[in-house]
Amino acid sequence: MAKGQTIKVEIKRQATPDAPSYTEKFEMPYRPGLNITSVLVEIAANPVNTEGKETSAITYDSNCLEEICGSCAMLINGKARMACSALVDRLLDETKSDTITLAPLSKFPVVRDLAVDRSVLFENLKKVQAWVPIDGTYDLGPGPKQAPQIQEERYPLSNCISCTICMEVCPQFNTQTNFVGAATIAQAKLFNMDPSGSVLKEERLRALSGDGGIQECGFAQNCVQACPKQLPLTEAISDMGRDVFIQKVKDFVSR
Ligand code: SF4
Ligand code: FES
């Protein structure tokens, strides 16, 4: 696309969590180097739709603008991705069209327009106690040392940005199941491998053996393909599946 041409943006909107959704269309001059967040900023600066009617700016979440905070996930041309790293030039190339569609993630309650309530992920992280427990905020000195090979295995898992894309694309994450999703399982592995965090290892494994736990995974592997931070999710699920099984056997024989 060349300068002077027009981009069309079709946005699924919803005024409140219970209001009906509708599509509103916008047009704007093409400029090279736009991302989806900057498209939404341009609409906010001049919120007039293609019918020439003044409307409200689009509501969406965004913070870091560099794929770190995880807040801006949405459906862009039908695919779950981050608005700040979704480049308009690539999107137009991908569809060979001058139209980009935006919609909120489909498996999370809509707050307004493109903003959704993703608190289910944080509730799931609480279920598996995805943290290192501490008994205060005073200086505890340096933590225990970790072997470089453990650091290398843990580092990619620590890159999770809580964007919930892995849950959005997972067929097992739906209203019929309580499946916690790949991100929570990966974070349980991350903290089980931590020399201090491993004090809660057994509790995490038991949390993953109950309702909504690891047995709900259907190995569709959509998560690992869609994760914007390339977490080794299927490996984490497989490792945690083994550990959950071992924990179940241990609990059974010690009854
Ligand atoms: S595992 Fe990947 S897709 Fe899932 S929440 Fe973390 S960064 Fe997002
Ligand atoms: S704005 Fe932070 S990840 Fe997109």
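Shown above is the structure to which this text applies.
Presented here is a report on the structure given in the accompanying data block.

Procedures and definitions
Throughout this document, residue positions are counted from 1 along each chain, in the order its sequence is written. Naming scheme: in the order in which they are written, chains are lettered from A and ligands are numbered from 1. Two thresholds apply to this predicted model, a pLDDT of at least 70 for residue-level local features and 80 or more for giving and counting side-chain atom pairs, whereas whole-chain, interface and lining totals are computed over all residues. To get the side-chain values, all heavy atoms of the structure are used, and hydrogens and water are removed first. Where helices and strands are cited, they refer to DSSP runs of H or I of at least four residues and of E of at least two residues respectively, numbered from the N terminus. Relative accessibility thresholds used throughout: buried, under 20% of the residue-type maximum; exposed, over 50%; partly exposed, between the two (1.4 Å probe, protein chains only). To measure how exposed things are, a 1.4 Å probe is used in the Shrake-Rupley method; for residues, cover is taken only from the protein chains shown. In this description, strands pair whenever DSSP reports at least two bridges between them. With axes taken as lines fitted to C-alpha atoms, and helix axes fitted only over the stretch in contact, angles between N-to-C directions fall between 0 and 180 degrees. What makes two residues a contact is simply this: any of their non-hydrogen atoms within 4.5 Å. Throughout, the term roughly parallel applies to angles under 35 degrees, roughly antiparallel to angles over 145, roughly perpendicular to angles from 65 to 115, and oblique to all others. We call a crossing left-handed when the near helix sits turned anticlockwise from the far one by less than a right angle, and right-handed when that turn is clockwise. Lys, Arg, Asp and Glu make up the charged group, whereas Ala, Val, Leu, Ile, Met, Phe, Trp, Tyr, Cys and Pro make up the nonpolar group; the residues left over, Gly among them, are polar. Salt bridges are defined as contacts in which a side-chain nitrogen from Lys or Arg sits within 4 Å of a carboxyl oxygen from Asp or Glu. Distance and chemistry together define a polar contact, namely a pair of N or O atoms within 3.5 Å, with one atom able to donate a hydrogen and the other to accept it when in protein, and with adjacent residues in sequence counting only for side-chain atoms on both sides. Arc definition: it is the arc formed by the directions from the helix axis to the C-beta atoms.

### Considering the overall build of the protein
Thought 1: Within the protein, the secondary structure is distributed over nine helices and seven strands.
Thought 2: Expressed along its principal axes, the backbone C-alpha trace of the protein runs to roughly 70 × 40 × 35 Å.
Thought 3: Burial statistics for the protein: of 255 residues in total, 42% are counted as buried.
Thought 4: For the protein, the exposed area adds up to about 13500 Å²; of that, 52% sits on carbon and sulfur atoms.

### With respect to the sheet that holds strand E2 (residues 22–29)
Thought 1: Across the sheet, five strands lie side by side as E2-E1-E5-E3-E4; this open sheet has mixed pairing. A strand with exactly one partner marks an edge of an open sheet, and here the two such strands are E2 and strand E4 (79–82). Put simply, the sheet's adjacent strands are angled 30 degrees from each other on average, direction ignored.
Thought 2: With eight bridges joining them, strand E1 (residues 6–13) and E2 adopt antiparallel strand pairing. Within E2, the position partnered with Val 9 by the bridge is Phe 26.
Thought 3: Relative to E2, helix H1 (residues 36–45) is tilted by about 95 degrees, and along the sheet it contacts E1, E2, strand E3 (73–76) and strand E5 (99–103).
Thought 4: Where helix H2 (residues 88–95) meets the sheet, it contacts E1, E3, E4 and E5, and its direction lies at approximately 110 degrees from that of E5.

### Considering the packing of helix H6 (residues 182–192) against helix H9 (residues 233–253)
Thought 1: Interhelical geometry of H6 versus H9 gives an angle of 65 degrees and a closest axis separation of 9 Å. Classified by the interaxial angle, the pair formed by H6 and H9 is roughly perpendicular. Viewed along their axes, H6 and H9 form a crossing whose handedness is left-handed. Contacts from Ala 182, Ile 185, Ala 186, Ala 188, Lys 189 and Asn 192 of H6 reach H9 at Leu 233, Glu 235, Ala 236, Ile 237, Asp 239 and Met 240.
Thought 2: Broken down by class, the residue content of the contact of H6 with H9 amounts to eight nonpolar, one polar and three charged.

### Details of the pattern of salt bridges
Pairing between side chains of opposite charge can happen when the charged atoms of each approach one another.
Thought 1: Taken as a whole and assessed by the stated rule, the structure comprises 16 salt bridges.
Thought 2: Between Lys 53 and Glu 51 there is a salt bridge; the shortest N-O distance is 3.5 Å.
Thought 3: Among the ionic pairs, Glu 67 bridges to Lys 229, the shortest N-O distance being 3.8 Å. Of this pair, Glu 67 sits in the loop between H1 and E3 while Lys 229 sits in the loop between helix H8 (222–226) and H9; the two residues are 162 residues apart in sequence, bridging distant segments of the chain.
Thought 4: Residue Glu 67 is classed as buried on the basis of its relative accessible area, which comes to 18%.

### Some words on the side chain of Asp 113
Thought 1: Among the secondary structure elements, Asp 113 is positioned in the loop between strand E6 (110–112) and strand E7 (115–116).
Thought 2: Taking relative accessible area as the criterion, Asp 113 reaches 1% and is therefore assigned buried.
Thought 3: Among the polar contacts made by the side chain of Asp 113, one reaches the main-chain amide nitrogen of Thr 59 at a distance of 2.9 Å.
Thought 4: Excluding residues within four positions of it along the chain, Asp 113 makes contact with Lys 12, Arg 13, Gln 14, Ala 57, Ile 58, Thr 59 and Pro 104.

### Points about H2
Thought 1: Along H2, the positions that sit buried rather than exposed are Val 88, Leu 91 and Leu 92. The buried residues of H2 occupy an angular sector of 95 degrees when projected down its axis, which confines them to one face. Exposed and oriented more than 90 degrees from the buried face of H2 are Arg 90 and Asp 93.
Thought 2: Of the surrounding elements, those touching the buried residues of H2 are E1, H1, E3, E4 and E5.
Thought 3: At the exit of H2 stands Lys 96, carrying a positive phi of roughly 55 degrees.

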